[in-house]
Amino acid sequence: MQDTIVMTSTDFAIQAEKVSVSYGSTLAVKDVFLDIPKNNIVALIGPSGCGKSTVLRCFNRMNDLIPGARVEGRITFNGQDIHSKQVDPVQLRRQVGMVFQRPNPFPKSIYENIAFGARINGYQGNMDELVERSLRGAAIWDEVKDKLKESGLSLSGGQQQRLCIARAIAIEPEVILMDEPCSALDPISTLRVEELMQELKQKYTIIIVTHNMQQASRTSDYTAFFNARATEQGGKMGYLVEYNRTEIIFQQPSQQDTQEYVSGRFG
Amino acid sequence: MTAEISRDTAPDLWKPNRDRSRLIEGIVKVICGAFAAVSIITTLGIVATLFFETLSFFGEVPFWQFLTDPKWTPLFASKQFGIFVLVSATVMISFISIAVAMPLGLLSAVCLSEYATPRVRKFLKPVLEILAGVPTVVYGYFALLTVTPFLQIFLPGLKGFNSLSAGIVLGVMITPMVASLSEDAIYAVPQRLRDGAYALGATKRETVTNVVLPAALSGIVSSLILAVSRAIGETMIVTLAAGANPTLGLNPFVPVMTMTASIVQVSKGDVPHGTIGYQTLFAVGTTLFVMTLALNIFSFWFVRRFREKYD
């Protein structure tokens, strides 16, 4: 039995309709439909080359920065088409934050790493408070409160990643995109980030790309399984196989491919 | 069952000549070592010559006088050896040149690496590097015959030989060096730092000025320092355009004589070997050498101190 939840479009933070992305003449991912409900964690899983990161980067228009990248289809954020002329990608990225695969703190002090985003977005309030609140929100305050002037690069990998999460939440986005945020971290740091995600989902919608199926099943409410098939040009083209509540994807998926992937038979 | 690995060829078909390869390796090592030694020996030779000739110069001219004389007249009957007369000209011209090359070079580097499309970049970068291939004597005449008359339209007090146009043209000459080296430094900044800034809602300009340039700072500063030491050592432009009139002071409108120009003057011919005039060559040369060495050491230190390590 599959429980169908009736939702209206105002319950969705992001909706993707028939989204395809190509780089140059290569189609990377084709016809993705994905509705991301607010205040949930949605995991995108699948084997390498299935386009899950590519899809993620559509949601804050990071693909705009890649020469030759083209996104087709319709993506809405709070009902607004993000490719419409009224939408400035710079403004969109303020509302749809991102945490990357490898921690990428700026070569600035820990304080400035947080303050930078606030400053460029014209934050007029008390900066010290914002920095503290963000660092607390990312569960790293106690570790760095005595060395805010030190370089962000002096931290360990797990701390750097939580600093990057703090940086992302400092500008108070509505959605946080996480592109394999734990792939460069050790298991303890990974656990801390996962715990953090559970806290963050009270306030934010989180979309996480992960290679780690346990991570997807532990942390997410919904899971989208992507797969890739070989194309005639010898490349790989990704597509969405199945999208549902995480427990359904992991326990009774409707597709054979999903079943095989989540049980570890390939990927 | 034997554990033997089956092979496609019989073992006796494989007869490597180990002795011969060992011999060749040894010979190659010696040849490479010899060629590498040439440059080291040459450098040591230059340093030794400079050192001993400078020592004998200071045997006749007290070091104090070298530092404090208000005039540089080693070829006159009343000899004075104030090195700062030459140093002031060199420093002033280098300063003017870097004031030109820093904005020009840095902005071109930013434009090339961050704003230009790959196609424009592919076209522009070689063009910029051609500038570096123009012979300096051409730059010198350009300064003397084109830039100076042009500047005289606006600055009537400007003499025919002057530091200003020499410095400006020297700046144009070192611009490709600043641009190319800074561009390398900017290019080396990992893309994920830019992505991080864009993902926070930074515009391109904010990303460049707040993230990319600070991250590339050590490379940019070292490119500027290398360019300055190139400017200090540059000879042809300053000899042709700045004149040969040792003047103490920092007035860019009048003829001066730089350290390099004084070396040209002495080594051009008339000064007999072994005289004190001849020995000034080495004293000035050593001063020049010490200045550029100090700059290079500073740049080396700066890069190591401020380089951001990205694994």
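Quick notes on the rules
- Residues numbered from 1 in each chain as written.
- Chains lettered and ligands numbered in written order.
- Predicted model: local features only at pLDDT ≥ 70, side-chain atom pairs only at ≥ 80, totals over all residues.
- Heavy atoms only, no water.
- Axes fitted to C-alpha atoms, helices over the stretch in contact; angles between N-to-C directions.
- Helix = DSSP H or I, 4+ residues; strand = E, 2+ residues; numbered from the N terminus.
- Parallel < 35°, antiparallel > 145°, perpendicular 65-115°, else oblique.
- Left-handed = near helix turned anticlockwise from the far one by under 90°.
- Contact = heavy atoms within 4.5 Å.
- Nonpolar A, V, L, I, M, F, W, Y, C, P; charged D, E, K, R; others polar.
- Core = buried A, V, L, I, M, F, W, Y, C linked by side-chain atoms within 4.5 Å.
- Buried < 20%, exposed > 50% of the residue type's maximum accessible area, 1.4 Å probe, protein only.
- Buried area = accessible area lost by both parts, 1.4 Å probe.
- Salt bridge = Lys/Arg side-chain N within 4 Å of Asp/Glu carboxyl O.
- Disulfide = S-S within 2.5 Å.
- Pairing = 2+ DSSP bridges.

**Student:** Please explain the packing of helix α3 (residues 83-115) of chain B against helix α9 (residues 217-233) of chain B as it appears in this structure.
**Tutor:** Residue and element names in this part refer to chain B. Where α3 meets α9, the axes come as close as 9 Å, and the angle between the chain directions of the two elements is 140 degrees. For the element pair α3 / α9, the angle class is oblique. Judged by the twist between their axes, the crossing of α3 over α9 is right-handed. Facing Thr 90, Ser 94, Ser 97, Ile 98, Met 102 and Leu 106 of α3, the residues of α9 in contact are Ile 220, Leu 224, Ala 227, Val 228, Ala 231 and Ile 232. For the contact of α3 with α9, the per-class residue count stands at 9 nonpolar, 3 polar and no charged.

**Student:** Where do I start with the nonpolar core in this structure?
**Tutor:** Note on soluble globular proteins: their nonpolar side chains tend to be buried together. If you look at the biggest cluster of nonpolar residues, it comprises 64 residues, and the most contacted ones within it are Phe 116 of chain A together with Trp 72 of chain B. Sorting elements by how many residues they give to this core places α3 of chain B first, with 12 residues. Each residue touching Phe 116 of chain A, except ones within four places of it in the same chain, is listed here: Phe 106 and Lys 108 of chain A together with Ala 197, Leu 200, Ala 202, Glu 206, Asn 210 and Val 211 of chain B. Counting residues in each nonpolar core, the second largest holds 44 residues, with Ile 45, Ala 138, Ala 170 and Cys 182 of chain A among its members.

**Student:** Would you mind showing me how to read the interface of chain A and chain B here?
**Tutor:** Size of an interface, as often reported, equals the accessible area lost when the parts are brought together. The interface of chain A with chain B comprises 26 residues on the first partner and 18 residues on the second. Interface area for chain A against chain B, summed over the two sides, is near 1800 Å², with a carbon-plus-sulfur share of 65%. When the area that chain A buries against chain B is broken down by residue, the three leading residues are Arg 102, Pro 107 and Ile 120 of chain A, summing to 27%. Here chain A is connected to chain B by 1 salt bridge. Between Asp 195 of chain B and Arg 57 of chain A there is a salt bridge, with the nearest N and O atoms lying 4.0 Å from each other.

**Student:** Where do I start with the state of the cysteines in this structure?
**Tutor:** Each disulfide is one covalent bond, formed between the sulfur atoms of two cysteines. Within this structure, the stated rule accounts for 0 disulfides over all chains. Of all cysteine sulfurs, the one in Cys 58 of chain A lies closest to Cys 50 of chain A, which takes part in no disulfide; the gap is 13 Å.

**Student:** Sorry, what's going on with the sheet that holds strand β4 (residues 69-77) of chain A here?
**Tutor:** All names here are of chain A. Taken together, the 10 strands give an open sheet; going across it, the order is β5-β4-β1-β2-β10-β9-β3-β8-β7-β6, and neighbouring strands pair in mixed fashion. A single partner strand is all that each edge strand has here, and the edge strands are β5 (80-81) and β6 (96-99). Summarising the sheet, strand β9 (residues 222-230) and strand β10 (residues 236-245) pair through 9 bridges and their orientation is antiparallel. Bridge pairing in β10 places Ala 224 opposite Tyr 243. Together, β6 and β7 (175-179) form the strand contacts of helix α6 (residues 157-170), whose direction differs from that of β6 by roughly 175 degrees.

**Student:** What is the right way to look at the packing of helix α6 (residues 163-187) of chain B against α9 of chain B in this model?
**Tutor:** Relative orientation and spacing of two packed helices are given, respectively, by the angle between their axes and the distance between those axes. Residues and elements named next belong to chain B. Interhelical geometry of α6 versus α9 gives an angle of 155 degrees and a closest axis separation of 8 Å. By the angle between their directions, the pair α6 and α9 is classed as roughly antiparallel. Here the hand of the crossing between α6 and α9 comes out right-handed. On α9, the residues that touch Leu 170, Met 173, Ile 174, Met 177, Val 178, Leu 181, Ser 182, Ala 185 and Ile 186 of α6 are Gly 219, Ile 220, Ser 223, Leu 224, Leu 226, Ala 227, Arg 230 and Ala 231.

Without other data, these values stay purely geometric and don't point to any function.
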